[in-house]
Amino acid sequence: MALSKNNPSLLEGSVAGHLQRLALPMVWGILATMSFNVVDTYFVAQLGKAQLAAMSFTFPVVMVINSFAIGLGAGTSSAVARAYGAGDHERVRRLVTDASLLALLVALCISVVGLATIEPLFRLLGASGEMLPLIADYMVPWFLGAVFAVVPMVALSSLRAIGNSALTGRIMVAVALFNLILDPLLIFGLLGFPRLELQGAAISTVIARGVSFCAALYFLIRREHLMAAPRWDLDSLFASWRKVLAVGLPAVATNVIIPMAGGVVVALVAVHGADAVAGLGVALRIEPVALIVFYALSSVVGPFIGQNAGAGKIERMRETVRVLARFCVVFGLTLAVVLYFVGESLVRLFSDSPEVLSVAIAYLTLVPFSYAGYGFVMSANAAFNGLGRPLPATLISFLRVLGIYLPLAWLGNQLWGITGLFAATAIANLLLGALACWWLRRDIISRAADGEDRVTLPVQ
């Protein structure tokens, strides 16, 4: 059965036009995905402080597991995009099928290990004996439904890899809306539903993600014809898994290092008092929404670069770097100017404390002028993953966080306090943005000089 022809070719036509077409649906999809935690937190907060604290304990664990799902998705997207660009449609089907099986096995392992270690894991994180039953109320359904968190990430990444980000975005928005409807029904027991409180929040998320699971598999199988019948050829299966994990595992490490560094920064800010931490927290709630266009762009750069690499379109890849650099500079500076003038108004939506306001405003008037660099780091990392070269992406992320950001943050905090710490954030973003641009251009130019007509890692 032939692959669906519904997706416009990314191998010809305007580079900027394709990136815009692919990224716009993902803006809404990512915004909807961000709403999951916000919606759950809002409704759970109505139950009381104990339930909210219990849910807060689950965030680091859920974030790490999501990092594995994102990593598998990145690895799948990279391998599938390169095979699709090379025109090897049978290999595309094999990769999607084998990657989905890998995601299923990983999810089952997460379920088994998670259910067996809830008590020791959360005691290690500092949860009290009184808090553990509430945590279990949330995490038992979550672990039982881990398959619905991991497999759709691979399935939706496969759809993006062939250029169908519009469908991916629609599924993400629909699932978020479904979760919004289910949450109050199951948490508070409205309209005849049982009152499940914290457990209801987890079950709502699992059911909503189950819908995502069914929708993604339906479109993969019935519309796009991207899955093949299972074939128990272990050599072929392991070869597919190696290609996915070659990019996926470094992507996991990249995703995990960022929240870990965030914890260190919070500790540095904490020496200035609880109001300073609250101010940073307010700024960090606003920042992801401001950066959502960069997140959307980075989610489609990998498949775009991957397809063109698979087809040997070196000049289109070089044009992509130029388009990304121009966009990140123009949009990043525009965003910085907007936040400079409206930042205070946004912060006042969260707090009217003078101390909280001063810290949050200091962040939003300084750090955004480095968003151009940070945006390019995200896109460059996605591009390297799309090329099947995850090492530069991992090194850039680790260098940004461990090599430059944290040392400068400590030094700036010691010498100039909060302002010095925020200046370190801006400097790290700008330096690594420049490095990422140079490295990506150099990598693509070296391919042209070597006369490569395919990416270094073969798709077969």
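Residues numbered from 1 in each chain as written. Predicted model: local features only at pLDDT ≥ 70, side-chain atom pairs only at ≥ 80, totals over all residues. Heavy atoms only, no water.

A.B. asks: I'd love a proper account of the side chain of Ser111, names of residues and values included.
C.D. replies: Positionally, Ser111 belongs in helix 3 (residues 89–116). When neighbours within four sequence positions are excluded, Ser111 is seen to be in contact with Phe143, Leu144 and Ala146. (Helix = DSSP H or I, 4+ residues; strand = E, 2+ residues; numbered from the N terminus. Contact = heavy atoms within 4.5 Å.)

A.B. asks: Summarise the pattern of salt bridges; cite the residues concerned and give the values.
C.D. replies: Summed over the entire model, instances satisfying the criterion amount to eleven salt bridges. The closest approach of N and O atoms between Arg322 and Glu319, which form a salt bridge, is 2.8 Å. Within this pair, Arg322 and its partner Glu319 are both found in helix 12 (residues 314–347), separated by three residues, close to a single helical turn. Among the residues examined, Glu319 registers a relative accessible area of 24% and is labelled partly exposed. Glu344 is the partner of Arg348 in a salt bridge, and the nearest nitrogen-oxygen pair spans 3.0 Å. Judged by relative accessible area, which is 46%, Arg348 ranks as partly exposed. (Salt bridge = Lys/Arg side-chain N within 4 Å of Asp/Glu carboxyl O. Buried < 20%, exposed > 50% of the residue type's maximum accessible area, 1.4 Å probe, protein only.)

A.B. asks: I'd like a description of the environment of Arg318, backed by residues and values.
C.D. replies: Relative to the helices and strands, Arg318 resides in helix 12. What makes Arg318 partly exposed here is its relative accessible area of 31%.

A.B. asks: Could you give an account of the confidence of the model for the protein, with specific residues and numbers?
C.D. replies: Residues of the protein with pLDDT of at least 70 account for 95%, and the chain-wide mean is 86. This stretch, residues 453–460, has a pLDDT under 50; its non-local contacts, to residues over four places away or in other chains, come to 26 contacts. (pLDDT = per-residue confidence, 0-100.)

A.B. asks: Requested: an account of empty space enclosed by the protein, with residues and values cited.
C.D. replies: Counted under the stated rule, the structure contains one cavity of 30 Å³ or more. The space that makes up the largest cavity amounts to roughly 40 Å³. Those elements giving two or more residues to the lining of the largest cavity turn out to be helix 6 (146–161) and helix 8 (198–223). For the lining of the largest cavity, the element with the most residues is helix 8, which contributes three residues. Its residues assigned to classes, the lining of the largest cavity comprises four nonpolar, two polar and one charged. (1 Å grid on protein atoms, 1.4 Å probe; cavity = no way out; pocket = protein on both sides within 12 Å on 5 of 7 lines; lining within 4 Å. Points joined across faces, edges and corners; volume = space filled by probe spheres on them. Nonpolar A, V, L, I, M, F, W, Y, C, P; charged D, E, K, R; others polar.)

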